[in-house]
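# Coordinate inspection notes
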Amino acid sequence: MVERCQKELVRDNSGSEEKYKGRINDIYTIDLPSHIDWRHIRKEATISTVADYSTGDISATSTTTITGASTSWTSANSNNLLLKVSGYDEIYRCTYVSATSLTIDRSWVGTDISSNTDYSLYQDRYALASDYDRLILDPDKSIYYWSGGQRVYLKYRDIDTFEAKQVYTPNLPAYYTVKWISGDPYIYIDPPDTSARTLFYIYMPTLSRMSEYVTGTITTLANGGTAVTGSGTDFDGFVTDTTTYDYYFRLDRDGTGSASKWYKISSASSNTALTLSDTYEGTAVSAGTLVFTISHVSSLPRGLDLAIVYGAATTSAIDQTNKTQIQGWASLYEKIVGQYRAVEGKLEYGKQRVHTIYERSGVRR
């Protein structure tokens, strides 16, 4: 894709390949994922909610220390949970210390407690998957739990509305929002849950940027064979997860750019040993020193490779102020994306505003 964009479309012979790698990856990881909930990469994960806890009483407060009477606090039922004490307005986030002691996130506000007082501990936020990028485009069909054999969906509220209407009395969760805290995504639910239950959420993951490996040479590869031997290579250091990602191999002598002949990699068993999924169709290599390329490729449908190329070419044409090329490549980009939007067969996609590659789309936060 990089070679086609740089050498065949933009025809830039300056050797600035890294610039084109960046543009290819920007289209792949930012722009394209914003268009459609691509079923090829869509994931579903779960959150286990924490039931509220109110056993015993608060018997004393002192600056940031909360003391309990007849409490059985544990890390599971108190750590990082919110504390609401009866008769007091402030809400605090707690750190577990012991069965009868908690530390709150700031100094106690108001008169100190010196006698037993009712309280409630509850959780309003839960960490999302480490590869989370966004929920699916219909926010009211993104998060649900099962009740009586039926899915019960939580309704989405933007952050301002959520915070304005948030309640602190545990009940069945009905609403949610998503916030990023110190760079990590969390779902906030409202009301806080009274029971431990499983929430399911459907999301689009962050796509790992495509990359290539070209260090070393190929010494042996038989015509009709699948075993590749390298010299000065680190195959298993680059090909690390063939379950999640696809990796492809080529000998550069067999063609570059649109003439490339790629073979999917089945596994990398060592620094110098690769196994191909399909048999090699080119001229045999024996005691050779041929250059090669291994690519960690797109997780999106193969047909969208062309969209990525045309999208990157469009942004590159902007550098050259070639309006004719910009319009032509942008049109081809939108045509391919539109075809796949139709293939996905989701009527609601037609109601979504179509993004263009000139926008900063797909930004997480």
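Preceding this paragraph is the structure being described.
Predicted, not measured: the structure shown is a model, and the values here were computed from it.

This brings us to the overall build of the protein. When you go through the protein residue by residue, the secondary structure sums to 7 helices and 22 strands. A globule of 365 residues ought to have a C-alpha radius of gyration of about 21 Å, yet the protein, at 28 Å, is considerably larger. Viewed in the frame of its principal axes, the protein has a C-alpha envelope of about 85 × 45 × 45 Å. Looking at the 365 residues of the protein, the share that counts as buried comes to 44%. Sequence-distant contacts, at least 24 apart, represent 66% of the contacts inside the protein between residues at least 6 apart. Charged side chains of the protein number 36 positive and 42 negative; the gap between the two group centres comes to 6 Å.

Residue Pro191 is bonded to the preceding Asp190 through a cis peptide linkage, with omega at -5 degrees. Not every positive phi belongs to a glycine, and Arg11 is a case in point at roughly 60 degrees. Positive phi is not limited to glycine here, since Ala287 has a value of about 55 degrees. Topologically, Ala287 is positioned in the loop between β21 (273-276) and β22 (292-296).

Next up on the list: the packing of aromatic side chains. Within this structure, the stated rule accounts for 17 aromatic pairs. Each ring, one from Tyr213 and one from Phe292, has its centre 6.2 Å from the other, and the planes form 50 degrees; the classification is tilted. Taken together, the residues Tyr213 in strand β16 (residues 211-213) and Phe292 in strand β22 connect sequence positions 79 residues apart. Note on Tyr213: relative accessible area 13%, which makes it buried. By way of ring pairs, the aromatic residues Tyr213, Phe235, Phe238, Tyr247, Phe249 and Phe292 are connected into one cluster. Above the ring of Tyr175, the side-chain terminus of Arg157 is found at 3.5 Å from the ring centroid. Between the NZ or CZ atom of Lys179 and the centre of the ring of Tyr188, over which it lies, the distance is 4.3 Å.

Another aspect to go through is the pattern of salt bridges. Side chains carrying opposite charge are able to pair once their charged atoms draw close together. Under the definition given, this model contains 18 salt bridges. When the shortest N-O distance is used, the salt bridge between Lys179 and Glu163 registers 2.8 Å. With Lys179 in strand β13 (residues 175-181) and Glu163 in helix α4 (residues 159-165), this residue pair connects regions lying 16 residues apart in the sequence. On the basis of relative accessible area, Lys179 is assigned to the buried category, the value being 13%.

The subject of this paragraph is empty space enclosed by the protein. What the rule picks out here adds up to 1 cavity of 30 Å³ or more. Each pocket or cavity is described by its volume, and for the largest cavity that value is around 30 Å³. Surrounding the largest cavity, Thr29, Pro33, Asp133, Arg134, Met204, Pro205, Thr206 and Leu207 form its lining. Elements supplying a minimum of two residues to the lining of the largest cavity: β9 (132-135) and β15 (198-205). The residue inventory of the lining of the largest cavity, partitioned by class, reads 4 nonpolar, 2 polar and 2 charged.

Spatially, β8-β14-β13-β12 is the arrangement adopted by the 4 strands of the open sheet, whose pairing is mixed. What marks the edges here is a single partner per strand, and that holds for β8 (125-127) and β12 (155-156). When β12 meets β13, the two strands line up parallel, connected through 2 bridges. Each bridged residue has a counterpart across the sheet, and for Lys155 the counterpart in β13 is Tyr175.

Counting residues in hydrophobic clusters, the biggest one holds 32 residues, and the most contacted among them are Cys5 and Leu32. Within the residue set of this core, elements represented by two or more residues are α1 (2-10), α2 (17-31), β15, α6 (304-319) and α7 (323-344). Considering every element that reaches this core, the biggest residue donor is α6, with 8 residues. Once residues within four sequence positions are removed from consideration, Cys5 is found in contact with Val10, Arg11, Tyr20, Ile24, Val309, Ala312, Ala313 and Ser316. Within the second largest apolar cluster, 19 residues are counted, among which are Tyr213, Val228, Phe238 and Leu274.

This brings us to the sheet that holds β21. Pairing in this open sheet of 7 strands is antiparallel, and the strands run β16-β22-β19-β20-β21-β18-β17 from one edge to the other. The open sheet has two free edges, formed respectively by β16 and β17 (217-220), since each of these has just one partner strand. Neighbour-to-neighbour, the strand axes of the sheet open up by a mean angle of 40 degrees, direction not taken into account. Sheet analysis places strand β19 (residues 247-251) next to strand β20 (residues 263-268), joined by 2 bridges and oriented antiparallel. Directly across from Tyr248, in β20, lies its bridge partner Lys264.

Cut-offs and rules
- For every chain, the first residue of the written sequence is number 1, and numbering continues from 1 along that sequence.
- Given that the model is predicted, a residue must reach a pLDDT of at least 70 before its local features are reported, and side-chain atom pairs must reach 80 or more before they are shown or counted; all residues, however, enter totals for whole chains, interfaces and linings.
- The basis for the side-chain values is all heavy atoms of the structure; hydrogens and waters are excluded.
- Secondary structure is summarised from DSSP: a helix means a run of H or I of at least four residues, a strand means a run of E of at least two, and numbering begins at the N terminus for each.
- In this treatment the radius of gyration is a C-alpha quantity, and the globule benchmark scales as 2.2 Å times the residue count to the 0.38 power.
- Relative accessibility thresholds used throughout: buried, under 20% of the residue-type maximum; exposed, over 50%; partly exposed, between the two (1.4 Å probe, protein chains only).
- Here, two residues are considered to be in contact whenever any of their heavy atoms come within 4.5 Å of each other.
- Positive charge is attributed to Lys and Arg, negative charge to Asp and Glu, and no charge count is given to His or to the chain ends.
- Here the site of a charge means NZ on Lys, CZ on Arg, CG on Asp, or CD on Glu.
- A pair of aromatic rings is counted whenever rings of Phe, Tyr or Trp (Trp by its six-membered ring) have centres within 6.5 Å, and the orientation is called stacked for planes under 30 degrees apart, edge-to-face for over 60 and tilted otherwise.
- Only when the NZ of Lys or the CZ of Arg is both within 6 Å of the ring centre and within 35 degrees of the ring normal is a charge said to sit over the ring.
- The term salt bridge refers to a pairing of a side-chain nitrogen on Lys or Arg with a carboxyl oxygen on Asp or Glu at a separation within 4 Å.
- Whether a set of points on the 1 Å grid over the protein atoms alone is a cavity depends on a 1.4 Å probe fitting there but being unable to get out, while an open set qualifies as a pocket with protein on both sides within 12 Å along at least five of seven lines; lining residues are those with an atom within 4 Å of a point.
- Grid points are joined across faces, edges and corners, and a volume is the space filled by probe spheres set on the points.
- Residues were grouped as follows: Ala, Val, Leu, Ile, Met, Phe, Trp, Tyr, Cys and Pro as nonpolar; Asp, Glu, Lys and Arg as charged; and all remaining residues, including Gly, as polar.
- For two strands to be treated as a pair, DSSP must find no fewer than two bridges joining them.
- Joining through side-chain atoms within 4.5 Å is the link that ties buried Ala, Val, Leu, Ile, Met, Phe, Trp, Tyr and Cys residues into a set, and such a set is a nonpolar core.
- All axes are obtained by fitting lines to C-alpha atoms, using only the stretch in contact for helices, and the reported angles, taken between N-to-C directions, cover 0 to 180 degrees.

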